[in-house]
Amino acid sequence: MTRDSAGEPGAGDGDSVVYDLASDCTADDVAEGRSYLAEINGIVDYGVFVDLSDSVSGLVHESVLEGTFAVGDELVVELESIRDNGDMAFEPVDVDDYTLAEVTHDYALTGTDRLEANVGEQIHLEGEVTQVKQTAGPTIFHVADESGVVPCAAFEEAGVRAYPTIEVGDIVRVTGTPEHREGSVQIEVEGLSKLEGEDADEARERLERSLEARAEPHDVEPLIDWPAFEKLRPDLEEVARLLRRTVLEGRPIRVRHHADGDGMCAAVPVQIALERFIADVHEDGNAPRHLIKRLPAKAPFYEMEDATRDLNFALEDREKHGQQLPLLLMLDNGSTAEDVPAYETLAHYDIPIVAVDHHHPDPDAVGELLDAHVNPYLHDEDYRITTGMLCVELARMIYPEMTEELRHIPAVAGLSDRSKADAMDDYIALAAEEGYDEARLQDVSEALDYAAFWLRYNSGDQLIQDLLEVDSDDEERHRDLVEFFAERGREAVDDQLDAAMSHLEHETLENGAHLYRIDVENYAHRFTYPAPGKTTGEIHDRKIEETGDPVITVGYGPDFAVLRSDGVRLDIPNMVSELEAEIAGGGVSGGGHLVVGSIKFVTGKREEVIDALVEKMAEADIDEALSSAAPIDD
């Protein structure tokens, strides 16, 4: 049961040996006939109480004591007796010179995967502290071992921090009893100590080996055979590995995604995959709700407003709930120079950032700020591989059991972003096997856009899951919701275009492309659906169908313009960079895909910026192969 660091009695040049119990030693480590170092913790009329360790204490009766004592004095004692109720009695030992021998507890460890079978019995567990939360009652330590994460409740007194020297990141040994609490298993702590030296190193190495193995993504076959996707598979596996490790470490994850159809098709599968993996790892049934949050973003980049809000919430959660700072997962967003200020803000706190996106990237600008980056442009592909398509495969690498729920999602993502990828026919055929014909897929896409507009900055978790029919068990409600939202959305689009179409300005550019302009600030309904980007896109689609020729459509307001192009070889990110350099004081910024994007500028420079933009469009090459290939980002 024990290991003695100074050997057997008699060691130390003839001196007596006195044993010093480690703080986590129990009564099982106390043997008759041995001398132990104790500390007086209380004095009463009938004797003194002494502590040999955190959980070993007893009484030295006044009848065997000589002299006076004070709390905190050390005393060498031997075990006299153990009563039927477990109380221990000690007697003093008269010893002057002695060698002190440490006694450490030899544990039979119980993993978090065996807690249910040991409910009500004392167990020992070693792991890393991932969270320390002070409640109005006990202090809750979340401890991760090789198999999972379990809450451990330690009580000093109501609202008082137990074991105040224990911090997040420490390797600890817990002695306690697993009990059921609110449908989950929680360890009621009897003793908790920080491991030091070789013990800590050995435990950390053991945990790290297990962590690396459990973080490995699942090797899943893609839903369809698509050579273009295979180029991105290693990058996605890296992200899946990082996300699984983040869950195993007990770190929260914040998902920021573009608030459109493709963005939601990307974020919702990953969110649910992570929630289910968290539920498997954590004994706390509330962990998925606390450790994963999905947050839509209206802008096509990570705005400082969002970044400072996210950072503030993260710091508050660390202060109030003892959480680690989160990993930020950017989806259908986050690849451009416009993201840099927000990323640099988070970098002050070493918050890891991952981006999975299909917008034209600025890898030189964001590369060092991202812990992982997946983007088809980095592998000579383009926006036609949508983020939703990528993230369905990412979700399956994290939690493959949800594959059947996701087979229709890539088709919805592709239709939402007007993808003309070679794989779209295969994705639509795959969705048809699940009962989703193309009309139903289009309805889901329209319903998502309509819901996202009215949700604004709210994730609308259950509503979006019902619209996508993911983690939803009511198909009738799904169909009714989709029909209702899609119909309302189309009616709103028709109303908007009835008001706007007569105000279109048209000209034929020198390269032969049709250019349509609309002042969406003055000739479209404001603060209602569809938003300026959607309005511009719907006008654009109608003009393509009407003309059958290359078309560029610009919807502009006082300080912004949104662009849609088909059949014209534009490079909007490059055009934005050129305008920024050419127009002094224009405050030009923006970006997007090559043939769809948005530009911001100062109001007083609107005419100059748009005129210069039109000149660049007129110089662009015509390419019929691009016709009807532009995605739609609102």
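Please refer to the structure placed before this passage.
Just so it is clear, the model here is predicted, and its values are computed rather than measured.

The next point concerns the sheet that holds strand β10 (residues 139-144). Ordered in space as β9-β10-β11-β13-β12, the five strands form a closed barrel in which the pairing is mixed. Sheet twist, expressed as the average angle between the axes of neighbouring strands with direction ignored, equals 55°. As paired strands, β10 and strand β11 (residues 149-154) are joined by six bridges and run antiparallel to one another. When the sheet's bridge partners are listed, His 142 is paired in β11 with Pro 151.

Another point: the packing of aromatic side chains. Enumeration according to the criterion identifies eleven aromatic pairs in this entry. Aromatic side chains Trp 226 and Tyr 427 sit 5.9 Å apart centroid to centroid with 85° between the ring planes, which places their arrangement in the edge-to-face category. Residue Trp 226 is found in the loop between α1 (197-215) and α2 (227-230), and its partner Tyr 427 is found in helix α12 (residues 424-433); the two are separated by 201 residues along the sequence. Taking the relative accessible area as the measure of exposure, Trp 226 reaches 7% and is therefore buried. Under the relative-accessibility criterion, Tyr 427 is labelled buried at 2%. Between the aromatic rings of Phe 484 and Phe 485, the centroid separation amounts to 5.6 Å while the plane-to-plane angle is 80°, which identifies the pairing as edge-to-face. One aromatic cluster in this structure is built from Tyr 450, Phe 453, Trp 454, Phe 484, Phe 485 and Tyr 529. The ring of Tyr 436 has Arg 440 sitting right over it, with the charged end atom 3.6 Å from the ring centre. The residue whose ring lies beneath Arg 456 is Phe 453, and the NZ or CZ to ring-centre distance is 5.0 Å.

This paragraph deals with helix α13 (residues 438-455). Spanning 18 residues, α13 covers 26 Å between terminal C-alpha atoms, matching the ideal 26 Å at 1.5 Å per step. Taking burial as the measure, the 18 residues of α13 include 13 buried ones, the bulk of the element. Note on α13: the residue one or two positions beyond its end, Arg 456, has a positive phi of about 55°.

Moving on to the environment of Val 493. Position of Val 493 relative to the elements: it lies in helix α15 (residues 475-500). Note: C-alpha distance between Val 493 and Pro 530 (37 residues apart in sequence) is 6.1 Å. When near neighbours in sequence (up to four residues on either side) are disregarded, Val 493 contacts Glu 446, Tyr 529, Pro 530, Lys 534, Glu 538 and Arg 542.

Core analysis: the biggest nonpolar cluster contains 97 residues, and Trp 226, Leu 243, Leu 394 and Leu 468 have the highest contact counts within it. Among the elements that make up this core, the one with the highest residue count is helix α4 (residues 261-281) (twelve residues). Setting aside residues up to four positions removed in sequence, Leu 243 forms contacts with Ile 253, Val 270, Leu 274, Leu 327, Leu 329, Leu 394 and Ile 398. Counting residues in each nonpolar core, the second largest holds 29 residues, with Tyr 383, Leu 515, Tyr 556 and Met 575 among its members.

Here helix α14 (residues 461-468) crosses α15 at 95°, and the two axes come no closer than 8 Å. Between α14 and α15, the angle falls in the class roughly perpendicular. Of α15, the residues touching α14 (which contributes Leu 463, Asp 466, Leu 467 and Leu 468) are Arg 477, His 478, Leu 481, Val 482 and Phe 485. Grouping the constituent residues of the contact of α14 with α15 by class yields six nonpolar, one polar and two charged.

How each quantity is defined
Residues numbered from 1 in each chain as written. Predicted model: local features only at pLDDT ≥ 70, side-chain atom pairs only at ≥ 80, totals over all residues. Heavy atoms only, no water. Pairing = 2+ DSSP bridges. Helix = DSSP H or I, 4+ residues; strand = E, 2+ residues; numbered from the N terminus. Axes fitted to C-alpha atoms, helices over the stretch in contact; angles between N-to-C directions. Phe/Tyr/Trp six-rings, centres within 6.5 Å; stacked < 30°, edge-to-face > 60°. Buried < 20%, exposed > 50% of the residue type's maximum accessible area, 1.4 Å probe, protein only. Lys NZ or Arg CZ within 6 Å of the ring centre and 35° of its normal. Expected span 1.5 Å × (residues − 1). Contact = heavy atoms within 4.5 Å. Core = buried A, V, L, I, M, F, W, Y, C linked by side-chain atoms within 4.5 Å. Parallel < 35°, antiparallel > 145°, perpendicular 65-115°, else oblique. Nonpolar A, V, L, I, M, F, W, Y, C, P; charged D, E, K, R; others polar.

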